[in-house]
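Spelled out, the chains give:
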Amino acid sequence: MEDCLAKKMEITVSEAEKRTGRNAMNMQETYTAYLIETRAVETQSEGQCAPVDSLWRRYSEFELLRSYLSVTYPHIVVPPLPEKRADFVWHKLSADNMDPDFVERRRIGLENFLLRVASHPVLCQDKIFYSFLTQEAGWKEVVNETGFQLKADSRLKALNATFRVKNPDKRFTELKHYSDELQSVISHLLRVRARVADRLYGVYKVHGNYGRVFSEWSAIEKEMGDGLQSAGHHMDVYAASIDDILEEEEHYADQLKEYLFYAEALRAVCRKHELMQYDLEMAAQDLTTKKQQCEELATGTVRTFSLKGMTSKLFGQETPEQREAKIKVLEEQIQEGEEQLKSKNLEGRDFVKSAWADIERFKEQKNHDLKEALISYAVMQISMCKKGIQVWTNAKECFSKM
């Protein structure tokens, strides 16, 4: 971790800017660009202030970077991006992806994504990631030249592997099940939080009605007027405070959403393992078939029914020379198949070792982050309750002085 990029470079997404331009279809579009600023840390220790480098990136470029990392490092739980459009919103929260509050939260999320990658022991060393931070012009072309899209596995192949793997690794099966449950639990938690936010907003705003009624009442009272007016003021302040409170709370919701999306990153690692296991089993099956064919040709006996065997019986047997030629071809294919199977076995073992090491690192990170987020959320709720108690304590004092 001492060599990770986050230790050598300060990385911030400092600004978001609304822009208008033309897309690939030559149609006008409005989008948001984000200013990435980087500063080398080394020279700062010598008392010098390193210059800041900056460049602009669109959300789609962040998506391209993450796709590249996911394909290039299939054994790694690649950090997720913040949501492209707001989800789990309560009624006062805008679902518009151009809404300033949403853009600001996404800016924070994109900075967090870059810091996650820069802190990862493997991903931080990737040259494409470094050029994403430092090279504005031509970066997309550099990524596409890596040919990473050709390495991407098709969804159909992944689905096929899921249902046809005969000997799945129990650890990855359990991890896949855990990621499904984690996503389900966090989704439910976020939906509950949105409902609570709705109700809380209503309760706070209704206190504004107390303020209005007390103010109106104070106008017709002489002795009680000042006390009612003061109590009404406390209620108005309380009602107005909910906007800032729920805006702050939304940042805790975003921390939960990060792990909602991390669940899909976990599943991606599991799917890759299924694909490798499926390829291994197919290679083993193909090798067994070829060995059987070679044995049948050498002994002249057919163990299993085949169209080829029926054709031989109907139209005559092959000559010894033809049979020898076929045996020779099969022997070469068997030798090649054995090498391939050996290679796939080795690749599979390396994948499992690397993937499980990264999964353990992710688990430690997850436990720490979610614990901190939930504690902070609880502290915020306690603070909110104390504000409510203080408001009614102040109101009580106002009433006592009447």
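All of these numbers come straight from a predicted model, not from anything done at the bench.

Visitor: Even after reading the chapter, I still don't get the packing of aromatic side chains, so can you show me in this structure?
Guide: When we look at a pair of aromatic rings, we describe it by the centre distance and by the angle of the planes. Applying the stated criterion to the full structure yields 14 aromatic pairs. With a centroid separation of 6.4 Å and 65° between ring planes, the pair formed by F62 and F113 is classed as edge-to-face. Separated by 51 residues along the polypeptide, F62 in helix α2 (residues 59-72) and F113 in helix α3 (residues 100-119) bring together distant segments of the chain. Taking relative accessible area as the criterion, F62 reaches 0% and is therefore assigned buried. Accessibility expressed as a relative area gives 1% for F113, which makes it buried. Between Y210 and F214, the ring centres sit 6.0 Å apart and the planes meet at 15°, which makes this aromatic pair stacked. You can see Y210 and its partner F214 sitting in helix α8 (residues 170-218), 4 residues apart, about one turn around the helix. A residue is classified by how much of its surface remains accessible, and Y210, at 38% relative accessible area, is partly exposed.

Visitor: Looking at this structure, I do not really get the layout of surface pockets. What am I missing?
Guide: To find the voids left in a structure, one rolls a probe of water-molecule size over its atoms. Taken as a whole, the largest pocket encloses approximately 1,300 Å³ of empty space. Lining the largest pocket are 50 residues; nearest its centre among them are S70, V71, D153, A268 and R271. Elements that contribute at least two residues to the lining of the largest pocket include exactly α2, α6 (148-151), α7 (155-164), α9 (225-299) and α11 (320-400). Counting residues per element, the lining of the largest pocket draws most heavily on α9, which supplies 13 residues. Tallied by class, the residues present in the lining of the largest pocket amount to 22 nonpolar, 11 polar and 17 charged. Among the domains, domain 1 (1-152) and domain 2 (153-303 + 315-401) are the pair contributing at least three residues each to the lining of the largest pocket.

Visitor: Sorry, what's going on with the sheet that holds strand β3 (residues 53-58) here?
Guide: What holds strands together in a sheet is hydrogen bonding between their backbones, with the strands either parallel or antiparallel. Across the sheet, 3 strands lie side by side as β1-β2-β3; this open sheet has antiparallel pairing. Since the sheet does not close on itself, it has two edges, and those belong to β1 (9-22) and β3, each with one partner. Put simply, the sheet's adjacent strands are angled 25° from each other on average, direction ignored. By the bridge criterion, 13 bridges tie β1 to strand β2 (residues 28-40) in an arrangement that is antiparallel. By the bridge assignment, M9 is partnered in β2 with A40. Packed on one face of the sheet, helix α4 (residues 127-134) meets β1, β2 and β3 and runs near 105° to β3.

Visitor: Quick question: what am I supposed to make of the packing of α8 against α9 here?
Guide: Between two packed helices, both the angle of their axes relative to each other and the distance between the axes serve to describe the pair. Two numbers describe how α8 lies on α9: the axes approach to 8 Å, and their chain directions differ by 170°. Classed by the angle they form, the pair α8 and α9 counts as roughly antiparallel. Looking at the contact of α8 with α9 residue by residue, the classes come out as 31 nonpolar, 13 polar and 12 charged.

Visitor: Any chance you could explain the nonpolar core here in plain terms?
Guide: For soluble globular proteins, nonpolar side chains are generally found buried alongside one another. L114 and L133 are the most contacted members of the largest nonpolar core, which has 33 residues in total. For this core, the secondary structure elements donating two or more residues are β1, β2, α2, α3, α4 and α5 (139-145). Beyond its immediate stretch of four places on either side in the chain, L133 contacts L5, M9, I11, I36, T38, L55 and L114. In this structure, Y262, C270, W356 and F362 belong to the second largest nonpolar core, which totals 23 residues.

Visitor: Just to check I follow, could you spell out the pattern of salt bridges for this structure?
Guide: Two side chains of opposite charge can pair, provided their charged atoms sit close to one another. Following the criterion strictly, the structure yields 24 salt bridges and no others. Close ionic contact of E17 with R19 constitutes a salt bridge, the shortest N to O distance being 2.8 Å. Judged by relative accessible area, R19 falls into the partly exposed class, the value being 26%. For the salt bridge of E83 with K257, the shortest nitrogen-to-oxygen distance reads 2.7 Å. Residue E83 is found in the loop between α2 and α3, and its partner K257 is found in helix α9; the two are separated by 174 residues along the sequence. As far as the burial class goes, E83 and K257 line up, both buried. When salt bridges that share partners are traced, they join D180, E264, R267 and R271 into one network.

Visitor: What am I meant to see in α4 here?
Guide: Of all the residues in α4, the buried ones are I128, F129, S131, F132 and L133. Of the residues flanking the start of α4, the one acting as N-cap is D126, its side-chain oxygen 2.8 Å from the backbone nitrogen of I128.

Visitor: Just to check I follow, could you spell out the packing of α8 against α11 for this structure?
Guide: Between α8 and α11, the least distance of the axes is 14 Å, while the angle of their chain directions is 15°. Considering their axes alone, α8 and α11 lie roughly parallel with respect to each other. Read as a crossing pair, α8 and α11 show a hand that is left-handed. Across from R171, F172, L175, Y178, L182, R193, L200, Y204, H207, Y210 and F214 in α8, the residues of α11 making contact are F351, V352, A355, W356, I359, K366, Y377, M384, W392 and F399. Grouping the amino acids of the contact of α8 with α11 by side-chain chemistry returns 17 nonpolar, 1 polar and 3 charged.

Criteria and cut-off values
- Residues numbered from 1 in each chain as written.
- Predicted model: local features only at pLDDT ≥ 70, side-chain atom pairs only at ≥ 80, totals over all residues.
- Heavy atoms only, no water.
- Phe/Tyr/Trp six-rings, centres within 6.5 Å; stacked < 30°, edge-to-face > 60°.
- Helix = DSSP H or I, 4+ residues; strand = E, 2+ residues; numbered from the N terminus.
- Buried < 20%, exposed > 50% of the residue type's maximum accessible area, 1.4 Å probe, protein only.
- 1 Å grid on protein atoms, 1.4 Å probe; cavity = no way out; pocket = protein on both sides within 12 Å on 5 of 7 lines; lining within 4 Å.
- Points joined across faces, edges and corners; volume = space filled by probe spheres on them.
- Nonpolar A, V, L, I, M, F, W, Y, C, P; charged D, E, K, R; others polar.
- Domains from an automatic or database assignment.
- Pairing = 2+ DSSP bridges.
- Axes fitted to C-alpha atoms, helices over the stretch in contact; angles between N-to-C directions.
- Contact = heavy atoms within 4.5 Å.
- Parallel < 35°, antiparallel > 145°, perpendicular 65-115°, else oblique.
- Core = buried A, V, L, I, M, F, W, Y, C linked by side-chain atoms within 4.5 Å.
- Salt bridge = Lys/Arg side-chain N within 4 Å of Asp/Glu carboxyl O.
- Polar contact = N/O pair within 3.5 Å; in protein donor to acceptor, adjacent residues only side chain to side chain.
- Left-handed = near helix turned anticlockwise from the far one by under 90°.

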